[in-house]
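Observations on the model geometry
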Amino acid sequence: MTTVAGIDCSTQSTKVVVCDAESGQVLDTAQAPHPDTTEVDPEVWWAALRSAAGDRLERVAALAVGGQQHGMVVLDEAGEVVRPALLWNDTRSAGAAADLVAEVGADVWAQAVGSVPVASFTVTKLRWLATHEPESAARAHRVLLPHDWLTWRLTGRGDEPVTDRGDASGTGYWSPATGEYRMDLLTRAFGRPLAVPRVLGPSEPAGVTGTGALVAAGTGDNMAAALTLGLAPGDVVVSIGTSGTVFAVHSAPTADPTGIVAGFADATGRYLPLLCTLNAARVLDAAAALLRVSHAELDDLALRAPAGAGGLVLLPYLDGERTPNLPDATGALHGLTRATMTPAHLARAAVEGMLCGLADGVDALRALGIPVHRVLLIGGGSRSAAVRAIAPDLFGVPVVVPRPGEYVALGAARQAAWALAGTPQPPAWPVPAEALPPGDEARGRMVRQRYAEIARSVLAVG
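Described below are features of the structure shown in this document. Note on numbering: residues in each chain are counted from 1, in written sequence order. Where totals are concerned, whole chains, interfaces and linings use all residues; where local detail is concerned, this predicted model gives features only for residues with pLDDT of at least 70, and gives and counts side-chain atom pairs only at 80 or more. Side-chain measures were taken over the full set of non-hydrogen atoms in the model, leaving aside hydrogen atoms and water.

Topic: the overall build of the protein
Helices and strands together make up the secondary structure of the protein, namely 15 helices and 24 strands. By the compact-globule yardstick of 23 Å for 462 residues, the protein fits well, its C-alpha radius of gyration being 21 Å. If you line up the protein on its principal axes, its C-alpha atoms span 65 × 55 × 40 Å. Relative accessibility thresholds used throughout: buried, under 20% of the residue-type maximum; exposed, over 50%; partly exposed, between the two (1.4 Å probe, protein chains only). The buried share among the 462 residues of the protein stands at 58%. Here a residue-residue contact requires only that any non-hydrogen atoms of the pair lie within 4.5 Å. Partitioning the contacts of the protein with sequence separation of at least 6, the portion at a separation of at least 24 is 72%. A 1.4 Å probe and the Shrake-Rupley method give the accessible areas. Residues count as covered only by the protein chains that appear here. Split by element, the accessible area of the protein, about 17400 Å² in all, is 52% carbon and sulfur. Secondary structure elements follow DSSP: runs of H or I no shorter than four residues count as helices, runs of E no shorter than two count as strands, and numbering proceeds from the N terminus. With C-alpha atoms as the basis for the radius of gyration, the globule rule is written as 2.2 Å multiplied by the number of residues raised to the power 0.38.

What follows is the structure, encoded as structure tokens:
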């Protein structure tokens, strides 16, 4: 049996899966934690990878890395890390993002790189570095993404670093439409050019490990998840993890000048319009902690309350927000009365508020002409009984829940099998899915209308 490995370097941990290269059957898994922070020494990722992998990578024929998007890894001329990497969820560059948009124009950014920069994007972090840490900026020679750096380490740091079109499309200085870097935008952000990794094709190898395993190009985490799920036109993924993401595979590049939808590339040669919310499963975590209940008890409470939580609405901007772009926003609870000041109503409002933000994301894809025929619900939050019960109402289309799995690591493993086989298309690795009961569209419209009214009145959103 030929085996391959996929590595998921996420915000919270490194996960490794070992699969049969032909069928995709998972044979082994392991993981190691990361510190809970918004900046980290990349050596922490390497240590976590080695801890999770053990000797597993010595027995596989190929491997690939799926990494958290947007992170900024800056190296000096000797290839040493200049400062801890800034992660996607570090919002200190919000001011830099606003400045760059003002300088260039939102329309110009969208047409140039498919996206309008926000604090998550690498290009804004480069501006922040140049402005706030000039000594570190002066040492900088090269900029990489987290998955690029790990791929480079896995191949022995001997050759020129490489990346793939999916992860490159989240930097803010690479164009999915043309397949080329926009060095003029990188230079505008940082003040001078930096070396960037070569962009590989979807199934092009990056090199080999010291034990001879082929290393595939790797990709960003959302692109890897899309590769696992084998998305068809009309499929929209809603992922409820640390962040919430909404994305679909599309045949043409997109450019949204409002900045709501990022026009990324995918890991197969197509495109991946995507939007992200900072507040997803952690809204449920926070609600459970506030009510001092388990997640299962939170579900039970939420399902005891009526749809719409009796008018109680939670705007769940607990960590600021990326979509809508409100990095300094805080959450708001509106509609408290004696009737709604109960644990059940608050639990329901937390679930509905989180899902309403994601449903707004599905509508944003529709507004760009992207078909929405069904929603695939993934991520840790998809295991919630309350989320499963409420989501079909709010999304207004059939909702299916694919079999739980490490989608990012599996996508990386599938890419590794593809690079190993050298075929035009990736191997067929089916993912079983459960169809949820149909929702009540009228009930869903009622909940979403109330949420939209409160968002407009409290934060001038929409």
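Description of the sheet that holds strand β24 (residues 433–435)
Strand pairing requires that DSSP identify at least two bridges connecting the strands. Taken together, the seven strands give an open sheet; going across it, the order is β18-β19-β17-β16-β22-β23-β24, and neighbouring strands pair in mixed fashion. Here the strands that pair on one side only, and so sit at the sheet edges, are β18 (262–265) and β24. Averaged over all pairs of adjacent strands, the angle between their axes in this sheet comes to 30°, without regard to strand direction. For strand β17 (residues 244–247) and strand β19 (residues 271–277), the ladder comprises four bridges, and the chain directions are antiparallel. Bridge assignment links V246 to a residue of β19, and that residue is L275. To get an axis, a line is fitted to the C-alpha atoms, and for a helix only the part in contact is used. The angle between two axes follows their N-to-C directions and goes from 0 to 180 degrees.

Let's talk about the pattern of salt bridges
We define a salt bridge as a side-chain nitrogen of Lys or Arg found within 4 Å of a carboxyl oxygen belonging to Asp or Glu. Scanning the entire structure with this criterion turns up 24 salt bridges. In this structure, R56 and D28 form a salt bridge, with 2.7 Å as the shortest nitrogen-oxygen distance. Taken together, the residues R56 in the loop between α1 (42–53) and β5 (62–67) and D28 in strand β3 (residues 26–33) connect sequence positions 28 residues apart. A salt bridge links R188 to E103, with the shortest nitrogen-to-oxygen separation between them at 3.2 Å. Pair noted here: R188 is in helix α8 (residues 183–190) and E103 is in helix α2 (residues 94–104), with a separation of 85 residues, a long-range link. According to the relative accessible area criterion, R188 is partly exposed, its value standing at 41%. Taken together, the shared-partner salt bridges connect E39, R83, D90, R92 and E133 into one network.

Here's the deal with the pairing of β19
For β19, a buried count of seven out of seven residues is recorded, marking the element as mostly surrounded by other parts of the structure. Residue alternation in β19 divides its side chains into two sets, Y271, P273, L275 and T277 and L272, L274 and C276, and both sets are buried. Two elements, β18 and β19, share four bridges in a ladder whose sense is antiparallel. Its bridge partner lying in β19, A262 is registered against L274.

Comments concerning helix α3 (residues 106–113)
Here α3 has its buried residues at W109, A110, A112 and V113. On its buried side, α3 packs onto α2, α4 (122–132), β10 (174–175), α8 and β18. Positioned one or two residues after α3, G114 has a phi angle of 85°, which is positive.

Considering the nonpolar core
V238, I240, L355, L377 and F395 are the most contacted members of the largest nonpolar core, which has 56 residues in total. When residues in this core are grouped by element, the largest group, 13 residues, is from helix α12 (residues 343–367). For our purposes a nonpolar core is just a set of buried Ala, Val, Leu, Ile, Met, Phe, Trp, Tyr and Cys residues, chained together by side-chain atoms within 4.5 Å.

Some points on unusual backbone geometry
Even without being glycine, H70 reaches a positive phi, approximately 75°. With respect to the element layout, H70 can be found in the loop between β5 and β6 (73–75). For H70, a relative accessible area of 3% puts it in the buried group. Positive phi, normally seen in glycine, also occurs at A309, with a value near 50°.

Some details on α2
Buried residues of α2: A94, A96, A97, L100 and V104, and no others. For α2, the angular spread of buried residues about the axis comes to 160°, placing them on one side. Taken together, the buried residues of α2 touch α3, α4 and α8. Just downstream of α2, G105 is the residue with a positive phi angle, here 105°. In this context, the arc is that of the directions from the helix axis out to the C-beta atoms.

Regarding the packing of aromatic side chains
For Phe, Tyr and Trp, where Trp contributes only its six-membered ring, two rings pair if their centres lie within 6.5 Å, and the inter-plane angle classes them as stacked under 30 degrees, edge-to-face over 60, or tilted in between. Under the criterion given, the structure shown has three aromatic pairs. Measuring from centroid to centroid gives 6.4 Å for W45 and W149, while their planes differ by 70°, and the two rings are edge-to-face. On the criterion of sequence distance, the pair formed by W45 in helix α1 and W149 in helix α6 (residues 146–154) is long-range, its members being 104 residues apart. Assigned by exposure class, W45 and W149 land together as buried. Cation placement over rings: the criterion is NZ of Lys or CZ of Arg within 6 Å of the ring centroid and within 35° of the ring normal. Positioned above the aromatic ring of W128 is the side chain of R92, whose terminal nitrogen or guanidinium carbon lies 4.9 Å from the ring centre. When the ring centre of W46 is taken as reference, the NZ or CZ atom of R153 above it lies at 4.5 Å.

Here we look at the state of the cysteines
Cysteine sulfur atoms are paired as a disulfide whenever they fall within 2.5 Å. Overall, the coordinates contain zero disulfides when judged by the stated rule. The thiol of C356 is not disulfide-bonded; the next cysteine sulfur, from C276, is found 18 Å away. Judged by relative accessible area, which is 1%, C356 ranks as buried.

Regarding the environment of D285
With respect to the helices and strands, D285 occurs in helix α10 (residues 281–291). D285 gets classed as partly exposed once you look at its relative accessible area, which sits at 35%. Between the alpha carbons of D285 and A329 there is a distance of 19 Å; along the sequence they are 44 residues apart.

Side note on the side chain of T245
Of note, T245 is situated in strand β17. Given a relative accessible area of 3%, T245 falls into the buried group.

A look at the environment of A224
For A224, the location among the structural elements is in helix α9 (residues 221–229). Residue A224 is classed as buried on the basis of its relative accessible area of 0%. Linking A224 and A255, residues 31 residues apart in sequence, is a C-alpha distance of 22 Å. Leaving out residues up to four positions away in the same chain, A224 has contacts with T219, Y407, V408, G411 and A412.

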